[in-house]
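# Fold and contact review
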Amino acid sequence: MITDWIEAGLAAATSDECIVIVRDSGEANLRWAINMLTTNGQMHHRVATVVAIRRTDGVGHAGVLSGPVTSAAELVDLVGQACTAAQDAPASDDSAPLPEPVVDQDYAEGPSETSIAVFTDFAQGLGRALAASREAGTEMFGYAEHHVSTVWLATSAGARRRTVERWGKVELNAKHADRIGSAWVGQATTDFADVDADALAAEVTTRLGWCENRIELPAGRYETILPPSAVADLMILTYWSASGRDAEQGRTVFAGKDPGTTRVGETLSPLPLRLSSGPGRLPAPPFAIVEASAPGMTSVYDNGAPAERVDWMRDGALTQLPYTRSAAAASRQPYAFPSDNLTLDAGSGATLEEMIRSTSRGLLLTCLWYIREVDISSLLVTGLTRDGVYLIEDGQIVGMVNNFRFNESPVDLLRRATEASVATQTLCREWNDWFTFTTMPALRIPDFNMSTVSKAY
Amino acid sequence: MPDGLDPRFTSLPLDPLADAALSRARDLGASHADVRVARIRSGALRVRDGALESSADATDLGIGVRVIHDGSWGFAAGIALTTEAAAALADQAVAAARISRPLTSRPVELAAEPAHVGEWVSPFRIDPFEVGDAERVSRLLELARLATGPGVDHVTATLDMVDEHTFYADLAGSRTVQRRVRVLPQVEVMATADGYHSMRTTNPPAGRGWEYVLGEGWDIDAEVAQLPGWLAEQVAAPSVEPGRYDLVIEPTNLWLTIHESVAHATELDRALGYEAAYAGTSFARLETLGSLRYGSEVMNVVGDRVAEHGLASCGWDDEGVEAQTFDIIRDGIHVGYQLNRQMAYEQGLGRSNGCAFADSSGHIPLQRMPNVSLQPAQADITVADLVSRVERGLYVTGDKSWSIDMQRYNFQFTGQRFYAIENGEIAGQVGDVAYQATTTDFWGSMEAVGGPSTYLLMGALDCGKGQPGQVAPVSHGAPAALFRSVNVLNTEAEGAHE
């Protein structure tokens, strides 16, 4: 029993306090290219993280070690190494008392698992899609993966927490034989029961059909509809840049005009946008699991603390920034944990199709790629459009357009957005290795800056 | 070198594990099987404004078994290092290959490679993990103190270090054990009083040990001491006028442009389409190999896995192929791709040039780049010589922001510092600069490369590729070089909207 190993580890700790996290993970994946399967795999690993804390005058000195464990003895050994490291460690910048302990009723339960069999139904549909693509003279590429991760978190203060994280995704890319016309669809899932390979193939095939008519457009500012996937990538980057402490120190786009202040309270968008994260309709653990501190965002000292739902924006105004418990205490702000899901909702009922129909001339994007910060102070980012830029004229999609490089700040896009669609669950493109669950609207931007043409398809 | 293979790794039952997995795979009918046992220890420290902000020390240890069975790949990985578990992984890998068979239209075969038996250890003097935490933190705090000065509001110092052990064995008889050590210390200073400005050291990650953090191979103390002055100059610098400029680019910046626009673009898996849905494809198509004019005649690019202190250097790759050196661009013409054994066989290109790498035992080896380096001129052309040829231009130092499209055509880069060049002389810094180009236009505009005295081996610890995602360390050597009439943007103007 892994929980017995954890008890043995905690009992062996010689530090003042100790946190033990064991993550047992299973993963299965399929990858295909040029209408055939290229690789697959099934992996299992189990990693323990030990945070041993030595206190001097209440201030923590932490030794943080992670390693694979296959027995109680290995976990006890890891605890010993972490305690030794804590003896040498200087005071932690993010020191905080251990959270109030909570005990989960299912703590003693074993791990949940996945296997390559999770793709049984999906693979049959994929096989049909690849065969149809070969028949049509097109090419399909893509990837599917599924993870199940059971996490046990215990502290010397008495916390005994357990949660099971399930996440997966599928990406399907279709191309014309000349690889100029290209379309993409993606879906997040927890168990693949809701993934309909035939429906995904039909959608990507429809979108590839929009690429029959090819139109060249120059760089410039265009009215642009950012679909939910593109909005998700931009909002995730904004979320990752939202540390309250960094904003107070003038290091981010959310820094206030006066030293030590932030933009909390400021209206960022004329649309009634609500940006939120945490447990709810999208999956997220109900408590903080932090295997390594992310400076200014999350702290190993917060392990086991509540990870509650937080509104970061309401009615278009910035309402909260993420703070660790330590930073929150120093700034007299509420502790706010940035869970790994994100929802942006304007309360709109308009569909993406309705937004297209009400567009006289503009661009509809599919997704964004290679997004990188150019200027931290404004959060100016650059990146590319990918796998489908479509020209809309008189409410109809009339063809595909070349790709562009853009330079824009997502925060400034919120200011300039003139319309939002209904929020729908979407898979982002750029960051989906790290961030699976988002619900986003499409946004209409009247003057999106397409800085140069990219010859890439 | 005092430190060889770590006995804590070599004392693992490596040969029995390999024997168990390989014999089971052979019994099940596999035509190829390989076993990798890898232990990767990664450490990270970060101090901020005089305090320890975070520390992490993580070890990954496991075993992966890959087979070709009935013409299809199968792979399985786990953490139990017992012969029973290794044999069970071979069972799983063969089962996965059977599932794949109906979706595999072309049987997989591999380019031949002699069997190799041996050990290889990267050159380092001091194991960074044997240095105590207190000493490591103390060194970072020392560097951070050097970076304080007028106008510096915040200082961050970081240290990343990796100790990687890999055992490889295959059915053909190869058995190799390797160890690679690498480190990266960095210091960044920030000013916030007059808007946000930052300046970071330009030293590369290196295939060296703790001695590098102390200054061997790069005088990091000297560079850190100059950061406050450079930052103050940047805060006061005028904003660049956008337009076309001649650029003299230091290797501290040019390495990243080589990485993105040459090294990734000449990966054969990208050119063939295997990465099309993720990392992307390449404009450098297989049918134009040997004829595509990639750049000017002074452009010569070599791939290697042998450069001393190179991050991609090794004895053998993760398919058991011996480390080699090969031409990628010769006199401006694209003449070579990076290969793995499957693609080398499929395309009739002969022996693999050893570009397979997996970032852990839990991942399959992908075609990953070797060290990819732009060659210097034979004559000792100095930076001053290059600058003297420029009437109106910019001198570029250090990497910062980077982005390139999915066929490696259109890119945009910024840097740590941009200096105006006026009438053949370097003048003061200018701000808000990004340069943007199409790959072949950019390399075609390269008029001259510097000589050996301008050459530096730069690189990255964490180049990303593949699904599931993997990271790889890689070095890129480059001289300083002169480019004519490159498009320069003003980043502030790019982000401005009414």
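None of these values were measured; they are calculated from a predicted model. (Residues numbered from 1 in each chain as written. Chains lettered and ligands numbered in written order. Predicted model: local features only at pLDDT ≥ 70, side-chain atom pairs only at ≥ 80, totals over all residues. Heavy atoms only, no water.)

### A closer look at the overall build of chain A
Broken down by element type, chain A carries 9 helices and 20 strands. For 457 residues, the compact-globule estimate of 2.2 N^0.38 gives 23 Å, and chain A sits close to it at 24 Å. When the 457 residues of chain A are sorted by exposure, 64% land in the buried category. Expressed as a percentage of contacts within chain A between residues at least 6 apart in sequence, the contacts between residues at least 24 apart total 74%. Put simply, chain A shows about 15,800 Å² of open surface, and 50% of that area lies on carbon and sulfur atoms. Side chains of chain A give 37 positive and 57 negative charges; the mean places of these two sets differ by 4 Å. (Helix = DSSP H or I, 4+ residues; strand = E, 2+ residues; numbered from the N terminus. Rg over C-alpha atoms; globule rule 2.2 N^0.38 Å. Buried < 20%, exposed > 50% of the residue type's maximum accessible area, 1.4 Å probe, protein only. Contact = heavy atoms within 4.5 Å. Areas by Shrake-Rupley, 256 points an atom, 1.4 Å probe, with all protein chains shown as cover. Lys, Arg positive; Asp, Glu negative; His and termini not counted. Charge placed at Lys NZ, Arg CZ, Asp CG, Glu CD.)

### Section: the overall build of chain B
Scanning chain B from N- to C-terminus turns up 12 helices and 22 strands. Computed over its C-alpha atoms, the radius of gyration of chain B comes to 24 Å, within 12% of the 23 Å expected for a compact globule of 498 residues. The C-alpha extent of chain B, read off along each of the three principal axes, is 70 × 55 × 50 Å. In chain B, buried positions account for 66% of the 498 residues. Contacts in chain B between residues at least 24 apart in sequence constitute 75% of all its contacts with a sequence separation of at least 6.

### Overview of the packing of aromatic side chains
In total, this model carries 24 aromatic pairs over all chains according to the counting rule given. Residues W210 of chain A and Y390 of chain A carry aromatic rings whose centres are separated by 5.0 Å and whose planes lie at 90° to one another, so their mutual orientation is edge-to-face. Here W210 of chain A, found in the loop between α4 (197-209) and β7 (214-215), pairs with Y390 of chain A, found in strand β14 (residues 380-393); they are 180 residues apart in sequence, far enough to count as distant. Since its relative accessible area comes to 0%, Y390 of chain A is described here as buried. Put simply, the rings of Y239, W240, W312, W431, W434 and F435 of chain A touch in pairs and so form one group of aromatic residues. In this structure, R429 of chain A packs its charged tip against the face of W369 of chain A, placed 5.8 Å from the ring centre. A cation sits over an aromatic face here: R392 of chain B above Y245 of chain B, 4.1 Å from the ring centre. (Phe/Tyr/Trp six-rings, centres within 6.5 Å; stacked < 30°, edge-to-face > 60°. Lys NZ or Arg CZ within 6 Å of the ring centre and 35° of its normal.)

### A look at the pairing of strand β16 (residues 403-408) of chain A
Residues and elements named next belong to chain A. By the criterion of burial, β16 is predominantly enclosed, with 6 of the 6 residues buried. Alternating residues of β16 divide into N403, R405 and N407 and F404, F406 and E408, and every residue in both groups is buried. In the sheet, β16 pairs with strand β20 (residues 443-454) via 4 bridges, with the strands oriented antiparallel. What sits directly across from N403, in β20, is S454. (Pairing = 2+ DSSP bridges.)

### Digging into the packing of helix α1 (residues 2-12) of chain A against helix α2 (residues 72-88) of chain A
The angle between the axes and the distance between the axes are what describe a pair of packed helices. All names here are of chain A. Following both chains from N to C, one finds α1 and α2 inclined at 30°, their axes separated by 8 Å at the closest point. Between α1 and α2, the crossing angle belongs to the class labelled roughly parallel. Our pair here, α1 against α2, has a crossing hand that is right-handed. For the pair formed by α1 and α2, the contact residues are W5, I6, A8, G9 and A12 on the first element and A72, L75, V76 and V79 on the second. (Axes fitted to C-alpha atoms, helices over the stretch in contact; angles between N-to-C directions. Parallel < 35°, antiparallel > 145°, perpendicular 65-115°, else oblique. Left-handed = near helix turned anticlockwise from the far one by under 90°.)

### Description of the interface of chain B and chain A
Between chain B and chain A, the contact holds 77 residues from the first and 83 residues from the second. Together chain B and chain A conceal approximately 6,500 Å² of surface at their shared face, both sides included; 53% is due to carbon and sulfur atoms. At the junction of chain B with chain A, the criterion picks out 4 salt bridges. If you look at where chain B meets chain A, you find 35 residue pairs in polar contact (both at pLDDT 80 or more). For the side of chain B that touches chain A, the element with the highest residue contribution is strand β2 (residues 51-69) of chain B, accounting for 10 residues. Partitioning the side of chain B that touches chain A into residue classes produces 33 nonpolar, 31 polar and 13 charged. With 2 bridges joining them, strand β3 (residues 59-68) of chain A and β2 of chain B adopt parallel strand pairing. The residue bridging S66 of chain A from the neighbouring strand is A58 of chain B, located in β2 of chain B. (Buried area = accessible area lost by both parts, 1.4 Å probe. Salt bridge = Lys/Arg side-chain N within 4 Å of Asp/Glu carboxyl O. Polar contact = N/O pair within 3.5 Å; in protein donor to acceptor, adjacent residues only side chain to side chain. Nonpolar A, V, L, I, M, F, W, Y, C, P; charged D, E, K, R; others polar.)

### Describing helix α3 (residues 83-100) of chain B
In a regular helix each residue adds 1.5 Å, so 18 residues correspond to 26 Å; α3 of chain B covers 26 Å between its end C-alpha atoms and thus fits that length. Buried within α3 of chain B we find A85, A86, A87, L89, A90, A93, V94, A96, A97 and S100 of chain B. In the core, the buried residues of α3 of chain B are packed alongside β2 (36-56) of chain A together with α2 (14-27), β2 and β3 (72-78) of chain B. (Expected span 1.5 Å × (residues − 1).)

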